[in-house]
Amino acid sequence: MPRGRGSDRPLIVELVPDDEDGVGAHATPHPASSPDGTSAPKDPAADPAADAPGRGARFRAWLARQPRTRLVVAGVAALALVAGAGVAATVADQRRVERLRALPGGVVDLATPPHAAWTTTTDGAVWPVAQVGSLLVVMEQESLWVPGAAEGGSVTLRALDPATGEDRWSRDVPASTCGPGGITRSERLVCVVRTDGGWSALVLDAAGDVVAERALPGVEGPAGLTTEGEPPPAAVAMPTADGGLLRLVRLGEPPTMPELVDEGVGDWRPRSPILARDLRVTLEDAVTGQERWSTTLAAEPTVDVHSCISVILDGDVPRLDGDTKVWVDASGDVVTVEGCGVSAQLTPEGVRLGGGEPWGVRAVAVADGYAVPPAAEILEDGTQSFDATGRWSLVRRDGTAAGELPGPLIVPAVTDGTGEDLLFVREGGALVALRTDGLSPAWRTGRPDSGVLAQVDGTVLTVEEGRLVGLDAATGRSRWATDVGAADAQNLAMTAQGMGQAFTDGRRVVVLSPDWGSDGSAGKLTAYDVGTGEVVWSQPFDGDVQAWTLAVDGHLLRGGPDRIEGLG
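Our next topic: the overall build of the chain. On a plain count of helices and strands, the chain comes out with 3 helices and 43 strands. By the burial criterion, 43% of the 568 residues in the chain qualify as buried. Taking the contacts inside the chain whose residues are at least 6 apart along the sequence as the reference set, 48% of them involve residues at least 24 apart.

For the rest of this paragraph, the subject is the packing of aromatic side chains. Between two aromatic rings, the relevant description is the distance of the centres plus the angle of the planes. The tally for this structure, following the rule as stated, stands at 1 aromatic pair. Relative to Trp443, the ring of Phe424 has its centre 6.2 Å away and its plane inclined at 55 degrees; by these criteria the two rings are tilted. A residue pair is termed long-range when its members are at least 10 positions apart, and Phe424 in strand β30 (residues 422-427) and Trp443 in strand β32 (residues 441-448) qualify at 19 residues. Look at Trp443 and you get buried, because its relative accessible area is 6%.

Turning our eyes to something else, we now look at the state of the cysteines. Within the structure shown, the criterion is met by 2 disulfides. For Cys178, the disulfide goes to Cys191, at an S-S distance of 2.0 Å. On the sign convention where negative means left-handed, the S-S torsion of about 105 degrees between Cys178 and Cys191 marks this disulfide as right-handed. Placement of Cys178 in strand β6 (residues 176-179) and of Cys191 in strand β8 (residues 189-195) is noted, with a sequence separation of 13 residues between them.

What follows concerns the sheet that holds strand β2 (residues 125-132). Reading across the sheet, the 5 strands line up as β5-β4-β3-β2-β7 and stay open at both edges, with mixed pairing between neighbours. The sheet terminates laterally at β5 (167-174) and β7 (185-186), the two strands that pair on one side only. Sheet analysis places β2 next to β7, joined by 2 bridges and oriented parallel. Bridge pairing links Gln131 to Arg185 in β7.

Our next topic: unusual backbone geometry. Here the phi dihedral of Ala367 falls at roughly 45 degrees; this positive angle occurs in a residue that is not glycine. Looking at where Ala367 falls in the secondary structure, it is placed in the loop between β22 (364-366) and β23 (369-372). Even without a glycine there, the phi angle at Leu439 is positive, about 60 degrees. Following the sequence through the fold, Leu439 ends up in the loop between β31 (430-435) and β32.

Now for the environment of Ser393. One can find Ser393 in strand β26 (residues 393-396). Once the C-alpha coordinates of Ser393 and Ala371 are considered, the two residues, 22 residues apart in sequence, prove to be 5.6 Å apart. Excluding residues that lie within four positions of it along the chain, Ser393 makes contacts with Tyr370, Ala371, Val372, Gly403 and Glu404.

This next bit is on the nonpolar core. Ranked by size, the top nonpolar core spans 27 residues in total, and within it Leu246, Leu248, Leu279, Val281, Leu297 and Val328 carry the most contacts. Those elements that place two or more of their residues in this core are β11 (235-239), β12 (244-250), β15 (279-285), β16 (291-297), β19 (326-329), β20 (335-339) and β21 (342-346). Apart from the residues lying within four places of it in its own chain, the contact partners of Leu246 are Val236, Ala237, Met238, Thr240, Val281, Thr282, Leu283, Trp293, Val328, Ala330 and Val335.

What follows covers the sheet that holds β20. What the 3 strands build is an open sheet, ordered β19-β20-β21; its pairing is antiparallel. The open sheet is flanked by β19 and β21, the only strands paired with a single partner. The mean angle between the axes of side-by-side strands here comes to 5 degrees, regardless of whether they run parallel or antiparallel. Two elements, β19 and β20, share 4 bridges in a ladder whose sense is antiparallel.

Applying the stated criterion across every chain, the model contains 20 salt bridges. Among the ionic pairs, Asp167 bridges to Arg158, the shortest N-O distance being 2.8 Å. With a relative accessible area of 36%, Asp167 lands in the partly exposed category. A cluster of three or more residues bridged by salt bridges with shared partners is formed by Arg101, Arg185 and Asp553.

Attention now goes to helix α3 (residues 486-496). Counting buried positions along α3 yields 8 of 11 residues, so the element is predominantly enclosed. Among all positions of α3, only Asp488, Ala489, Asn491, Leu492, Ala493, Met494, Thr495 and Ala496 are buried. Just past α3, the residue Gly498 takes up positive phi, approximately 90 degrees.

Further remarks concern the pairing of β12. Of all 7 residues making up β12, 6 are buried, and the element is well covered by its neighbours. Looking at chain direction, β11 and β12 are connected through 5 bridges and run antiparallel. Of the residues in β12, the one forming a bridge with Pro239 is Leu245. Counted between consecutive antiparallel strands, the loop separating β11 from β12 contains 4 residues, among which Gly243 sits at a positive phi close to 75 degrees. Two elements, β12 and β15, share 7 bridges in a ladder whose sense is antiparallel. Bridge assignment links Leu248 to a residue of β15, and that residue is Val281.

Turning our attention to the pairing of β11. When you tally the buried positions in β11, you get 5 out of 5 residues, the bulk of the element. The alternating pattern of β11 places Ala235, Ala237 and Pro239 and Val236 and Met238 on opposite faces, both of which are buried.

Here we come to the side chain of Arg250. Mapped onto the elements, Arg250 comes out in strand β12. One polar contact links the side chain of Arg250 to the main-chain carbonyl oxygen of Arg277, over a distance of 2.6 Å. Looking at Arg250, its side chain comes within polar contact range of the main-chain oxygen of Asp323, at 2.9 Å. Excluding residues within four positions of it along the chain, Arg250 makes contact with Ala234, Ala276, Arg277, Asp278, Leu279, Asp323, Thr324, Lys325, Gly339, Cys340 and Val342.

The next point concerns the confidence of the model for the chain. Of the residues in the chain, 76% have a pLDDT of 70 or more, and the chain-wide mean is 80. For the chain, helix α1 (residues 52-65) is the element with the lowest average pLDDT, namely 54, and β15 is the one with the highest, namely 97. Here residues 1-50 is a poorly scored stretch, pLDDT under 50, and it has 41 contacts once near neighbours within four places are set aside; other chains count. Contacts from residues 145-150, a stretch scored under 50 in pLDDT, to residues over four places away or in other chains number 16 contacts.

We now examine the environment of Ala493. Within the secondary structure layout, Ala493 lies in helix α3. For the pair formed by Ala493 and Thr462, sequence separation is 31 residues and the distance between their alpha carbons is 7.9 Å.

Looking now at the environment of Trp327. Residue placement: Trp327 occurs in strand β19. The exposure class assigned to Trp327 is partly exposed, which follows from its relative accessible area of 41%. With 89 residues separating them in the primary sequence, Trp327 and Met238 have C-alpha atoms 9.9 Å apart. Setting aside chain neighbours within four positions, we find Trp327 in contact with Thr336, Val337, Glu338 and Arg362.

Conventions we followed
Going along each chain's sequence as written, the residues are numbered from 1 onward. Restriction of local features to residues with pLDDT of at least 70 applies here, the model being predicted, together with a cutoff of 80 or more for giving and counting side-chain atom pairs; totals for whole chains, interfaces and linings are based on all residues. Side-chain figures throughout are based on the complete set of non-hydrogen atoms in the structure, without hydrogens or water. Strands are runs of DSSP state E lasting at least two residues, helices are runs of H or I lasting at least four, and both sets are numbered from the N terminus onward. Burial classes: relative accessible area under 20% of the type maximum marks a residue as buried, over 50% as exposed, and values in between as partly exposed (1.4 Å probe, protein chains only). Residue contacts follow a heavy-atom distance rule, with two residues in contact if any of their heavy atoms lie within 4.5 Å. Note on aromatic pairs: the rings of Phe, Tyr and Trp (six-membered ring only in Trp) are paired at centre separations within 6.5 Å, and the planes decide the class, stacked below 30 degrees, edge-to-face beyond 60, tilted for the rest. Here, the term disulfide refers to a pair of cysteine sulfur atoms separated by no more than 2.5 Å. Each pair of strands is called paired provided DSSP finds at least two bridges between the two strands. Nine residue types can take part in a nonpolar core, namely buried Ala, Val, Leu, Ile, Met, Phe, Trp, Tyr and Cys, and a core is a set of them joined through side-chain atoms within 4.5 Å. Axes here refer to lines fitted to C-alpha atoms; in helices the fit is confined to the stretch in contact. Angles between the N-to-C directions go from 0 to 180 degrees. Any Lys or Arg side-chain nitrogen found within 4 Å of a carboxyl oxygen on Asp or Glu counts as a salt bridge. Distance and chemistry together define a polar contact, namely a pair of N or O atoms within 3.5 Å, with one atom able to donate a hydrogen and the other to accept it when in protein, and with adjacent residues in sequence counting only for side-chain atoms on both sides. As a per-residue quantity, pLDDT reports the predictor's confidence and falls between 0 and 100.

What follows is the structure, given as structure tokens:
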């Protein structure tokens, strides 16, 4: 019989004689009756136990007549079969582990509740900035904000082995922005650091050694830098995951900012539209400075005060103080730029994806291109109106149109990397699976959908009406449904919609659920079996609102204001 996945039982191969040379099939049959008229012995086929001694004698006779070479070959064949099965299982498990180590949310083993396998204390707040090789690089600083970046403060970079917590290297650097942030995997760490002569690019390899350090003329600080009482700089830099450095520069003279008018409800609006400057975005090699690409984002007139610089004066009266506010996210497959008068999403090659991008809704890399949300409409008050049910576009890597999705893209909260042949969209309240090759429908549920929690081991996990449901990824048919209760169903649904965290080892899905009924300082981890939907284990997960939990190189790590833990 086939071995179950993950079975530790030995594979047993039985050698049975082939009844040749007069043994078995050609042996003298039992007579119909004995000479004294009594009934004949029972048929051995009907009662195997009755003929056990005879079968044993025949087998020993057969065995004695076999050449030694034949027995050796048979034994070797059996051993080869056992070894082959073991090798196949080992290779498959190695591939699973390698795949999970490279995926966000991938953990090698989640069979049992995690415990603190190691703990390292810190002298201040720590935040992850990158995964360099297999190491997690964190920035240790006195507070949650970049300390005294404009005044020349310093921070400590620490590279931790996620398996042991060992410090592989550490380095004190001037106050800096390193990145691109989170757990984006890269081979080098790029930082923008303050020096006596201005700002420089510092590039470190996986061993913490300096690969390059060069001045950045014209750069006035890292993107996101804020100094109390001063507007952000007009020329900023931001590291990327591929050893690059983004420069973002406002072009031309600063505009005259309009006066703000109080509409009587504490809502201040500009008397006229804000005419922000265009923004030039350039990607260069962080080591050599060689330009890879450059593009200019044309700024649109805006009345959105919050996207520009506003300063609160005495009497709670705000004042517009510039157009230099910009926010950059280069940690994923798409570079997102949002700021005063600009909102754009760019490919790593600098191709703009669509136009009028909605704030907070990201394009997603899929197959050989990108899924792009519909453009947002700017209302009179400067806010955006976005059709959350609208059709998304498919765009090739060169920016040309490739097709259209029948609804908004749904991205699973976690995957094991085995379901790349399907895309999920929401259409008319139903979950629809599309084949990436040609976008033909594979199946649809026909029931309301709250997102996809996970796609793991051929099963798609969704949440509906207080139940966790497992769908066959190939057919969409329900494999199982588990009643999880209203509270847990809400947490699972929020995680499926991108407002939570999930992890997987390819056999289980673990969800980190905050306790929304408290001050946010506690929650729980719950593991669900992908094959049955049953709860494997659940445990409280105490922490604080500043803690982070990440999967790094197949290991689960957790950090807070004064420590980092490896959860085994």
